[in-house]
Amino acid sequence: TIGMVGNVVIFDNRGRLNKHVLNNELLSASGEFSWDGINEYGQKASVGIYLVYFECFTSDGQIINYKTTVTLKTRF
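What counts and how
Residues numbered from 1 in each chain as written. Predicted model: local features only at pLDDT ≥ 70, side-chain atom pairs only at ≥ 80, totals over all residues. Heavy atoms only, no water. Core = buried A, V, L, I, M, F, W, Y, C linked by side-chain atoms within 4.5 Å. Buried < 20%, exposed > 50% of the residue type's maximum accessible area, 1.4 Å probe, protein only. Helix = DSSP H or I, 4+ residues; strand = E, 2+ residues; numbered from the N terminus. Contact = heavy atoms within 4.5 Å. Lys, Arg positive; Asp, Glu negative; His and termini not counted. Salt bridge = Lys/Arg side-chain N within 4 Å of Asp/Glu carboxyl O. Pairing = 2+ DSSP bridges.

Asks: Pulling in residues and values, what's your account of the nonpolar core?
Replies: In terms of nonpolar packing, the biggest core is built from 12 residues, these being Met4, Val8, Ile10, Leu22, Leu27, Trp35, Ala45, Tyr50, Val52, Phe54, Cys56 and Leu72. Elements with a contribution of two residues or more to this core: strand S1 (5-11) and strand S3 (48-57). The leading source of residues in this core is S3, at 4 residues. In contact with Ile10, not counting residues within four places along its chain, are Arg16, Leu17, Asn18, Lys19, Val21, Trp35, Tyr50, Leu51 and Val52.

Right under this line is the structure:
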């Protein structure tokens, strides 16, 4: 739905915050986001499995959550 506000946060396999990708961004009806593998401290994140947590808020206060995992690997 147009007009929703969203957050995307990346957590490592121990549940520790790794990166805020989106923070209270106004969302459109469709789109995408990407994570470059850099953590909150500007360092390359370790190779491994990460949890991507996406939450969005409607204008009437409804909260919608999505979770998925991604694998971060190196290039050879």
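Read on, since the account is not over.
Asks: Which residues make up the side chain of Glu55, and what values go with them?
Replies: Mapped onto the secondary structure, Glu55 falls in strand S3. For the buried residue Glu55, which engages in no salt bridge, the nearest side chain bearing the opposite charge is Lys67, 9.8 Å off.

Asks: So what's going on with the pairing of strand S2 (residues 17-26)? Residues and values would help.
Replies: Bridging between S1 and S2 involves 6 bridges; their strand directions are antiparallel. In the sheet register, Gly6 faces S2, and the bridge partner there is Glu25. If you look at the hairpin formed by S1 and S2, you'll find 5 residues sitting between the two strands, and Gly15 has a positive phi there, around 85°.

Asks: Can you lay out the pattern of salt bridges for me, pointing to particular residues and giving the numbers?
Replies: Under the defined criterion, the tally for this structure stands at 1 salt bridge. Between Asp12 and Arg16 there is a salt bridge, with the nearest N and O atoms lying 2.7 Å from each other. On the basis of relative accessibility, which here comes to 13%, the residue Asp12 falls in the buried class. For Arg16, a relative accessible area of 46% corresponds to the partly exposed category.

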